[in-house]
Amino acid sequence: MRALFLAVSVLVSTLCASAADKFITLASTTSTEQSGLFKHILPKFTADTGIEVKVVALGTGQALALAAKGDADALLVHDRVAEEKFVAEGHGLDRRDVMYNDFVLIGPKADPAKVKAVNGINEAFKAIAAAKATFASRGDKSGTHAKELRIWKAAGVEPDKAWYRELGTGMGPTLNAAAAMPAYTLADRGTWLSFANKDNLDIVLEGDVSLFNPYSSILVNPAKGAHIKTAEAKVWHDWITSEKGAAAITSFTIGGKPLFFPSKAAPKS
């Protein structure tokens, strides 16, 4: 009887250990986390596969750096330039388009820089600089921050610290700060739609084709170490880019509005 008890105990311990190992670490963005997307889609993935996903939500630049050190199994990020560099340097494999939304320019409803009167995002940034209106930048090397910096460069503007605030925070805290200042800021539409503290803020510019915001899935190169869970990460990678993944993404809405769209439906550039 004692031998049987020990055998059962060992079996239970083994099964528990196996179950505990059936997870992956996903390095992703604060926009996907703070929008509520993961709370919606990850239970569906786990129900389908039995694999849990532990999300580390950072700015895209930080997520890529984390994965380059081998501290994640897969990525879901949104900075195409940085993603392609990450793969080219051998840190990642099989980058795939997953979904998209767009960036929007948020600002005080009073619109002190008269951004609503201009045409296009570059002109909007020029108007903010000319008015010396307060601008809240994430300043965190995220995909949103990288996009914002490219817009300043395209607009030919060097932000001045007299009105430009680099916060080093995620999208939600940056929107909170913009509401308190008040200030203009660049945000992804998903986080904006899910953001509760809109207060005196509003979308002051949207629809510019350059504000397209695609997200990609990347597998971390298994050469980073034997601890990389390549097989499980590949299951996630295949699921999030499958019809089931697309359906899960599409079904995530707030107030009847979808926050992200599967890449198969992406507009042609």
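In the block above lies the structure referred to throughout.
For the structure given in this document, a descriptive report is provided here. (Residues numbered from 1 in each chain as written. Predicted model: local features only at pLDDT ≥ 70, side-chain atom pairs only at ≥ 80, totals over all residues. Heavy atoms only, no water.)

Topic: unusual backbone geometry
Point 1. Along the chain, Met 181 connects to Pro 182 via a cis peptide bond; the corresponding omega equals -15°.
Point 2. Mapped onto the elements, Pro 182 comes out in the loop between helix H8 (171–180) and strand S7 (185–188).
Point 3. Backbone geometry at Asp 94 places phi at a positive 55°, although glycine is not the residue there.
Point 4. By the element assignment, Asp 94 lies in strand S4 (residues 92–108). (Helix = DSSP H or I, 4+ residues; strand = E, 2+ residues; numbered from the N terminus.)

Considering the pairing of strand S8 (residues 201–205)
Point 1. For S8, the buried fraction is high: four of the five residues fall into the buried class.
Point 2. Where S4 lies against S8, four bridges are found, and the strand directions are antiparallel. Note that in S8 the partner of Ile 106 across the bridge is Ile 203. (Buried < 20%, exposed > 50% of the residue type's maximum accessible area, 1.4 Å probe, protein only. Pairing = 2+ DSSP bridges.)

A look at helix H6 (residues 121–131)
Because each turn of an α-helix spans 3.6 residues, side chains separated by three or four positions end up pointing in the same direction.
Point 1. Restricting attention to buried positions, one finds in H6 the residues Ile 121, Ala 124, Phe 125, Ala 127, Ile 128 and Ala 129.
Point 2. Structurally, H6 contributes buried residues whose contacts are with S4, strand S5 (135–137), helix H7 (143–155) and S8.
Point 3. The positive-phi residue at the C-terminal boundary of H6 is Lys 132, with phi of around 50°. (Contact = heavy atoms within 4.5 Å.)

Digging into the side chain of Thr 241
Point 1. Turning to its location among the elements, Thr 241 is positioned in the loop between helix H10 (230–240) and helix H11 (243–250).
Point 2. Among the polar contacts made by the side chain of Thr 241, one reaches the side chain of Arg 96 at a distance of 3.0 Å.
Point 3. A polar contact of 3.3 Å, which involves the side chain of Thr 241, links it to the backbone oxygen of Asp 238.
Point 4. Not counting the four nearest positions on each side in its chain, Thr 241 is found in contact with Arg 96, Asp 97, Val 98 and Lys 264. (Polar contact = N/O pair within 3.5 Å; in protein donor to acceptor, adjacent residues only side chain to side chain.)

So, the nonpolar core
Point 1. Ranked by size, the top nonpolar core spans 24 residues in total, and within it Leu 26, Ile 41, Val 53, Met 99, Trp 236, Ile 240 and Phe 260 carry the most contacts.
Point 2. Where this core is concerned, the elements lending two or more residues are strand S1 (23–29), helix H3 (37–49), strand S3 (74–77), S4, strand S9 (212–220), H10 and H11.
Point 3. Counting residues per element, this core draws most heavily on H3, at five residues.
Point 4. Residues within four places of Leu 26 in sequence aside, it is in contact with Phe 38, Val 53, Lys 54, Val 55, Val 56, Ala 74, Leu 75, Leu 76 and Trp 236.
Point 5. If you look at the next biggest cluster of nonpolar residues, it comprises 22 residues, including Ala 155, Tyr 164, Tyr 184 and Leu 186. (Core = buried A, V, L, I, M, F, W, Y, C linked by side-chain atoms within 4.5 Å.)

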